[in-house]
Amino acid sequence: MNLASSQVRSALWTVAIALTAASLSGCIGAVDRMDFDNQMRERGGGLTSELVRDGFDSLAHSYGVGAVSVTSVDISPIETLGVTVRDPGKPSQLDRFSFDGVILGEPSPVQVSVTDDLDARSFTLDQVPALSNVEKLVDDALASSGVDDGEVTGISVSRTAAIHASVMVESPRSRVLVVFEPDGSPFLVQPL
């Protein structure tokens, strides 16, 4: 082993030890780790507009189009976006993608029934302005739910007769589904 590779290996071990020590200390900056985790859960656990925007940009780039047409969007805490996309080159086919905030996963084919009207089920991101401010959607869902100590555990957007964004708010004692119009106006609050 030469001196340069030994120094690189030593530097990598030093960085690894420092990162391990920082993660075990339980603190992130000046915020206690438990407080940070609680704040993240209260604010939707990583449900952000940036995640949605970056995911849709990655999908459009992947297909080489300006915008993609989708049949469903699912946003989960800790930065996970799932999207079912109509293939622009083959609009009768659907592919399911996941996006973790950085990496767009490989497509998984979705079975489509001959009776599925994909034109009636499809929508674009522009048709759901509420997804341009996911943080407000989370805040409004928490306020509308009436759930004490509630957390948003997921957001789903789909189209049946109309496009709706459904936000699940849960606490240890209750669950409420808050449904929004595409513009972010509350449409329905349904305790479960």
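Our structure's up above, just so we're on the same page.
Conventions and cut-offs
- Residues numbered from 1 in each chain as written.
- Predicted model: local features only at pLDDT ≥ 70, side-chain atom pairs only at ≥ 80, totals over all residues.
- Heavy atoms only, no water.
- Helix = DSSP H or I, 4+ residues; strand = E, 2+ residues; numbered from the N terminus.
- Buried < 20%, exposed > 50% of the residue type's maximum accessible area, 1.4 Å probe, protein only.
- Areas by Shrake-Rupley, 256 points an atom, 1.4 Å probe, with all protein chains shown as cover.
- Pairing = 2+ DSSP bridges.
- Salt bridge = Lys/Arg side-chain N within 4 Å of Asp/Glu carboxyl O.
- Expected span 1.5 Å × (residues − 1).
- Arc of directions from axis to C-beta.
- Phe/Tyr/Trp six-rings, centres within 6.5 Å; stacked < 30°, edge-to-face > 60°.

## With respect to the overall build of the protein
No. 1: Per the secondary structure count, the protein includes five helices and ten strands.
No. 2: The 192 residues of the protein split such that 31% are buried.
No. 3: Surface summary for the protein: the accessible area is close to 11,300 Å², and the carbon and sulfur share equals 55%.

## Let's talk about the pairing of strand E3 (residues 70-76)
Put simply, side chains in a regular strand alternate between the two faces of the sheet.
No. 1: Within E3, five of the seven residues are buried, which leaves the element mostly enclosed by the surrounding structure.
No. 2: Here E3 pairs with strand E4 (residues 80-86) via six bridges, running antiparallel. Considered in E4, the bridge of Ile75 is made with Leu81.
No. 3: Two successive antiparallel strands, E3 and E4, enclose a turn made up of three residues, where Ile78 displays a positive phi of approximately 60°.

## Remarks on the pattern of salt bridges
No. 1: Counted under the stated rule, the structure contains four salt bridges.
No. 2: A salt bridge links Arg86 to Asp119; the shortest N-O distance between them is 2.9 Å. A residue pair is termed long-range when its members are at least 10 positions apart, and Arg86 in strand E4 and Asp119 in helix H4 (residues 118-121) qualify at 33 residues.
No. 3: Arg121 serves as the salt-bridge partner of Asp116, at 3.6 Å between the closest nitrogen and oxygen.
No. 4: Residue class for Arg121 comes out partly exposed when judged on its relative accessible area of 28%.

## Things to note about the pairing of strand E9 (residues 175-180)
No. 1: Of the strand pairs in this sheet, strand E8 (residues 163-170) and E9 are connected by six bridges, and their pairing is antiparallel. Within the sheet, the bridge partner assigned to Val169 lies in E9 and is Val176.
No. 2: Joining the antiparallel neighbours E8 and E9 is a turn of four residues.
No. 3: Sheet topology note: the E9/strand E10 (residues 186-191) ladder contains five bridges and is antiparallel. Across the sheet, residue Val179 finds its bridge partner in E10, namely Leu188.
No. 4: Counting the residues between successive antiparallel strands, the hairpin from E9 to E10 contains five residues, one of them, Gly184, with a positive phi of roughly 100°.

## Here we look at unusual backbone geometry
No. 1: Phi angles above zero are rare outside glycine, and Ile78 is one such case at about 60°.
No. 2: In this fold, Ile78 is placed in the loop between E3 and E4.
No. 3: Using a relative accessible area of 65% as the deciding quantity, one classes Ile78 as exposed.
No. 4: One non-glycine residue, Asp149, adopts positive backbone phi at about 55°.
No. 5: Structurally, Asp149 is set in the loop between helix H5 (134-145) and strand E7 (151-159).

## Some points on H5
No. 1: Over its twelve residues, H5 runs 16 Å from end to end, which matches the ideal 16 Å to within 8%, given 1.5 Å per residue.
No. 2: Where H5 is concerned, the buried positions are Val134, Leu137, Val138, Ala141 and Ser145. The buried side chains of H5 occupy one side of the element, clustering within an arc of 100° when seen end-on.
No. 3: One or two steps after H5, the chain reaches Gly146, where phi turns positive at roughly 70°.

## A look at the packing of aromatic side chains
No. 1: Tallied over the entire structure, the rule returns one aromatic pair.
No. 2: With a centroid separation of 5.9 Å and 80° between ring planes, the pair formed by Tyr63 and Phe97 is classed as edge-to-face. Within this pair, whereas Tyr63 is found in helix H3 (residues 49-63), its partner Phe97 is found in strand E5 (residues 94-99), the two being separated by 34 residues in sequence.

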